[in-house]
Every structure is written in structure tokens, then in C-alpha cells.
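# Observations on the model geometry
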Amino acid sequence: MIAKQSLAVALSRLKHFDVAKVALEQYPTESELAAELLWHAFMAGDLEGKRVLDLGAGTGILAIGAALLGAADVAAVEMDPAAISILRENADLYEGVERLRIVESDIRAYAERADLVVMNPPFGTKVRHADRAFLERAASLAPVIYTIHKTTTDHFVRAFAEDHGLAVPWAEERALRLKRTMAHHERERRDVAVTLYRLEKADCDEQAAQPHAKRP
Ligand code: SAH
């Protein structure tokens, strides 16, 4: 098991997209931000020994970090073969990452349940509602979700959570630094305000809190 700072350092050594594909909204999560999200999940007891699913895994920073923090099993689902070949290279850098399974698939066709979803999905700025498809898939496959969204879409994420019986016990705003990896970016770097969320199926908690709910 590794400490938070070593996690950020390990993740900072991973390779990014060679050429980011605009239609797939390929923005890599910065290592500090990825480490923060994963560390929060680890400290909350959501990660160690759990079955973890990374939807839209890209070059694998969240999936690899989850494996390094002791997840029992990690499925990294990604549909872009170019991203997957970098993900494979990245996964080969560290021990412990043998618990990572790479699944080449559209997230909409993936149906294996997990204990936890971690994801930095497309923000839905290029393909409308791309973020909704990810949230829907995540909510149908796991009771706890850590996810990153553009802060300007906070109202949408919260409305989605409410409609799907998800509580939002944790939300933190951060800056995501986007490097100039896409041709349509005019400046070298720009910061985008993003929010990190922990979403949790509200009815799981209620059942746990009511002893009689367990009776046959
Ligand atoms: N999770 C990575 C990448 C984020 S970018 C990170 O945090 O760095 C979003 C990723 O989702 C891209 O790699 C893109 O190729 C992938 N993606 C977009 N739509 C997808 C879909 N429908 N199914 C699977 N992957 C998808």
C-alpha cells in the first residue's frame, strides 16, 4: 500500500494521450487531482479490497491508482484502442496492477457490477449528454460513485442524483489544468473549474440504518 504523496508521484509518471480525440473528450485527469479523488475513496473505506470499475478509463490514471491502493479487482473500460495501448504500457510500470483488467468496450455495452465506480467522464460539452450516459451506467452498476464534472454542470449532476435516489455526501471544487492537447484549444494551458463528487445510493444506507429491513 502506498501513501498519498507517493501515489501522486507514481501517477505523475504515467503517459498521456498521444493525440487527444475531441469527439471522445479525452482530457486526462492530472495526477494530483486523481490522487486526491482516490485517496478520499480509500480513506472512506470505499476502495481497499473492493471491486472497482473505471468507466472511460483513457490512459488509466484512475484505474491504476485504484489498483495501487489495494482494490481487489479493477475493470478499466475504454472504447478507444489508441488510449488502451497507452493504458497497457502504463499498467506495466507498476506491480499490483495485475489486478487490473482492460476491457475494450463502449461503456453503454458494459454490464458487470462492481462495489465502486471511479470516473472522469466526458463533460458533455462536445457530445451532448455524454456525461448522462456515464452517470446512468455508473448508477446501474455500483452503489458508490466517485466522479468529476465541469462545475458549470453541477445543477445537472445534482438533479441526476436526486432523480436516481443518490445522495451527494461529498463535493469539492478544484481547477483542472488542461494542456494544449487538442487543436481547437487556442491557449497553451487553461484552467477549468471542476467538481469532484461522491455519490451514494441513498436506500442502501437507509436499509443499513433500519435493523428490521434485514428481516425476511
Ligand atoms: N479517465 C481518464 C480519461 C478521461 S477522458 C482520466 O481520468 O484521465 C474520457 C475518456 O472516456 C476518454 O478516454 C474517451 O475515449 C472515453 N470515452 C468517451 N466515450 C466513451 C464511451 N461511450 N465508452 C467508452 N469510453 C468512452
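Below is a summary of the structure that appears in this document. Within any chain, residue numbers begin from 1 and follow the written order of that chain's sequence. Local features in a predicted model are, by the rule used here, given only for residues with pLDDT of at least 70; side-chain atom pairs are given and counted only at 80 or more, and totals for whole chains, interfaces and linings are based on all residues. Note: side-chain values were computed over all heavy atoms of the structure, leaving out hydrogens and water.

### Considerations on the overall build of the protein chain
Strands are runs of DSSP state E lasting at least two residues, helices are runs of H or I lasting at least four, and both sets are numbered from the N terminus onward. Each helix and strand counted, the protein chain has seven helices and seven strands in total. The linear arrangement of helices and strands in the protein chain, starting from the amino end, is α-α-β-α-β-α-β-β-α-β-α-β-β-α. Throughout, exposure labels follow a simple rule: accessible area from a 1.4 Å probe, protein chains only, divided by the maximum for the residue type, with under 20% read as buried, over 50% as exposed, and the rest as partly exposed. When each of the 216 residues of the protein chain is scored for burial, the buried share is 50%. Contacts are residue-level and defined by heavy atoms, with any inter-residue pair within 4.5 Å sufficient. Sequence-distant contacts in the protein chain: of pairs separated by 6 or more residues, those separated by 24 or more amount to 72%. Here, Shrake-Rupley sampling with a 1.4 Å probe gives the accessible areas, and only protein chains in the shown set may cover a residue. As displayed, the protein chain offers around 10600 Å² of accessible surface, 49% of which is attributable to carbon and sulfur atoms.

### Some thoughts on helix α4 (residues 81-91)
Of the residues making up α4, those classed as buried are Ala-83, Ile-84, Ile-86, Leu-87, Asn-90 and Ala-91. For α4, the angular spread of buried residues about the axis comes to 165°, placing them on one side. Residues of α4 that are buried sit in contact with α3 (61-68), β2 (73-78) and β3 (100-104). Working note: the arc is built from the helix axis to C-beta atom directions.

### With respect to the pattern of salt bridges
For this document, the term salt bridge refers to a Lys or Arg side-chain nitrogen within 4 Å of an Asp or Glu carboxyl oxygen. The full count for this structure, using the stated rule, is 14 salt bridges. In this structure, Arg-101 and Glu-112 form a salt bridge, with 3.5 Å as the shortest nitrogen-oxygen distance. On the criterion of sequence distance, the pair formed by Arg-101 in strand β3 and Glu-112 in the loop between β3 and β4 (116-119) is long-range, its members being 11 residues apart. Ionic pairing is found between Arg-198 and Glu-200, a salt bridge with its closest N-O pair at 3.1 Å. The buried category is assigned to Arg-198, whose relative accessible area is 11%. Residues participating in the shared-partner salt-bridge network are Lys-15, Asp-18 and Glu-89.

### Considerations on the site of the ligand
Note on terminology: near, applied to a residue and a molecule or strand, indicates that one of the residue's heavy atoms is within 4 Å of it. Near the ligand you find 21 residues, and of these Gln-26, Thr-29, Gly-56, Glu-78 and Ile-107 are the closest. Identification of polar contacts relies on pairs of N or O atoms within 3.5 Å, with a donor-acceptor requirement for protein atoms, meaning one able to donate a hydrogen and the other able to accept it, and with residues adjacent in sequence counted only if both atoms are side-chain atoms. Note that an oxygen atom of the ligand is positioned 2.5 Å from one of the side-chain N or O atoms of Thr-29. Separating an oxygen atom of the ligand from a side-chain N or O atom of Glu-78 is a distance of 2.7 Å. For the ligand, whose free accessible area comes to 570 Å², the fraction covered by protein is 97%. Comparing atom positions with the cavity grids shows the ligand to sit within the largest pocket. Cavities and pockets are defined on a 1 Å grid built over the protein atoms alone: a cavity is a set of grid points where a 1.4 Å probe fits but cannot escape, while a pocket is an open set with protein on both sides within 12 Å along at least five of seven lines, and lining residues are those with an atom within 4 Å of any such point. Whether a molecule lies in a cavity or pocket depends on its atoms, and more than half of them have to be within 2 Å of the grid points.

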